[in-house]
Amino acid sequence: MNYAIFFFFVAILSNASGMDDDMRELINNLHNTCVGEVGVDEALITKAQNGDFAEDEKLMCYSKCLLDQMAIVDENGIVDPEAAVAVLPADMQAEAGPAVRKCSKLRGSSPCSNVFEVMKCWYTESPTTYFLP
């Protein structure tokens with residue numbers, strides 16, 4: 001796992017509008033790594049950032065790739081809820097924690113869809129804490 005990306009993700013969640021150039025570069029690297037790995041359409045990511053989740057295999061695998069990079073999901077796409085909550089900033093954990101724990105129990109039909117179901121649920125349960133780079 002790339003710890004710089006991991007800690008950057010936490011910083012982004014803490015203060016998305018206050019990104020410095022190094023932070024932007026790290027989040028772009030995470031994004032670009034996963035886009036390059038799965039070949040997802042950028043327009044689908046943009047829509048998913050706003051809660052419009054297309055049932056697209058590449059978008060599903062993009063979500064899994066992001067969580068893989070942060071080491072909070074296993075090879076079967078099962079999200080570790082405590083690891084997921086732990087990467088969130090302390091001031092978001094109380095709000096996001098119940099949603100993440102609830103949503104992490106959801107399953108799809110593949111490792112990528114398992115993560116995707118969690119991401120969709122997280123957006124529904126706690127849209128103010130949801131984040132997709």
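Structure first, text after, so check above.
All of these numbers come straight from a predicted model, not from anything done at the bench.

## Overview of the overall build of the chain
Then comes step 1: Looking only at helices and strands, one finds seven helices and zero strands in the chain.
Then comes step 2: Residues classed as buried in the chain amount to 47% of the 133 residues present.
Then comes step 3: Long-range contacts, defined as pairs at least 24 residues apart, comprise 54% of the intrachain contacts of the chain with a sequence gap of at least 6.

## Describing the nonpolar core
Then comes step 1: Core analysis: the biggest nonpolar cluster contains 39 residues, and Val40, Leu59, Tyr62, Trp122 and Leu132 have the highest contact counts within it.
Then comes step 2: Those elements that place two or more of their residues in this core are helix H2 (21-38), helix H3 (42-49), helix H4 (57-69), helix H5 (81-86), helix H6 (90-103) and helix H7 (111-125).
Then comes step 3: When near neighbours in sequence (up to four residues on either side) are disregarded, Trp122 contacts Leu88, Ala96, Ala99, Val100, Cys103, Pro127, Thr129, Tyr130 and Phe131.

## Considerations on the pattern of salt bridges
Then comes step 1: What the rule picks out here adds up to five salt bridges.
Then comes step 2: Measuring nitrogen to oxygen at the nearest pair gives 3.0 Å for the salt bridge that ties Glu125 to Lys102. Note that Glu125 is positioned in helix H7 and Lys102 in helix H6, a separation of 23 residues in sequence.
Then comes step 3: One network of salt bridges, with partners in common, ties together Glu55, Glu117 and Lys120.

## Details of the state of the cysteines
Note on terminology: a disulfide is the covalent bond linking the sulfur atoms of two cysteines.
Then comes step 1: Considering all chains together, one arrives at three disulfides under this definition.
Then comes step 2: Bridging Cys34 to Cys65, the disulfide has an S-S length of 2.2 Å. Note on the Cys34 and Cys65 pair: the S-S dihedral is about -80 degrees, so by sign convention the disulfide is left-handed. Of this pair, Cys34 sits in helix H2 while Cys65 sits in helix H4, placing them 31 residues apart in sequence.
Then comes step 3: By relative accessible area, Cys34 is classed as buried at 0%.

## Regarding the environment of Asp80
Then comes step 1: Along the chain, Asp80 falls in the loop between H4 and H5.
Then comes step 2: Along the backbone, Asp80 and Ser104 are 24 residues apart, and their C-alpha atoms lie at a distance of 7.1 Å.
Then comes step 3: Of the polar contacts made by the side chain of Asp80, one reaches the backbone nitrogen of Glu82; its length is 3.1 Å.

## With respect to H7
Then comes step 1: For H7, which comprises 15 residues, the first-to-last C-alpha distance of 21 Å matches the rise-based estimate of 21 Å (1.5 Å per residue) to within 8%.
Then comes step 2: When we look at burial in H7, the residues that qualify are Cys112, Ser113, Asn114, Val115, Phe116, Val118, Met119, Lys120, Cys121 and Trp122.

## Focus on the packing of aromatic side chains
Then comes step 1: This model, assessed by the stated rule, comprises five aromatic pairs.
Then comes step 2: Here the aromatic rings of Phe53 and Tyr123 are separated by 5.9 Å at their centres, their planes lie at 70 degrees, and the arrangement is edge-to-face. Linking Phe53 in the loop between H3 and H4 with Tyr123 in helix H7, this pair joins segments that are 70 residues apart in sequence.
Then comes step 3: In this structure Phe53 comes out as buried when scored by relative accessible area, which is 14%.
Then comes step 4: With a centroid separation of 5.8 Å and an interplanar angle of 75 degrees, the aromatic rings of Phe53 and Tyr130 are classed as edge-to-face. One end of the pair, Phe53, is in the loop between H3 and H4; the other, Tyr130, is in the segment after H7, and 77 residues separate them in sequence. Assigned by exposure class, Phe53 and Tyr130 land together as buried.
Then comes step 5: One aromatic cluster is present, formed by Phe53, Phe116, Trp122, Tyr123 and Tyr130 through successive ring pairs.

The rules behind these values
Residues numbered from 1 in each chain as written. Predicted model: local features only at pLDDT ≥ 70, side-chain atom pairs only at ≥ 80, totals over all residues. Heavy atoms only, no water. Helix = DSSP H or I, 4+ residues; strand = E, 2+ residues; numbered from the N terminus. Buried < 20%, exposed > 50% of the residue type's maximum accessible area, 1.4 Å probe, protein only. Contact = heavy atoms within 4.5 Å. Core = buried A, V, L, I, M, F, W, Y, C linked by side-chain atoms within 4.5 Å. Salt bridge = Lys/Arg side-chain N within 4 Å of Asp/Glu carboxyl O. Disulfide = S-S within 2.5 Å. Polar contact = N/O pair within 3.5 Å; in protein donor to acceptor, adjacent residues only side chain to side chain. Expected span 1.5 Å × (residues − 1). Phe/Tyr/Trp six-rings, centres within 6.5 Å; stacked < 30°, edge-to-face > 60°.

Note that all results are geometric; they support no functional claim without further evidence.
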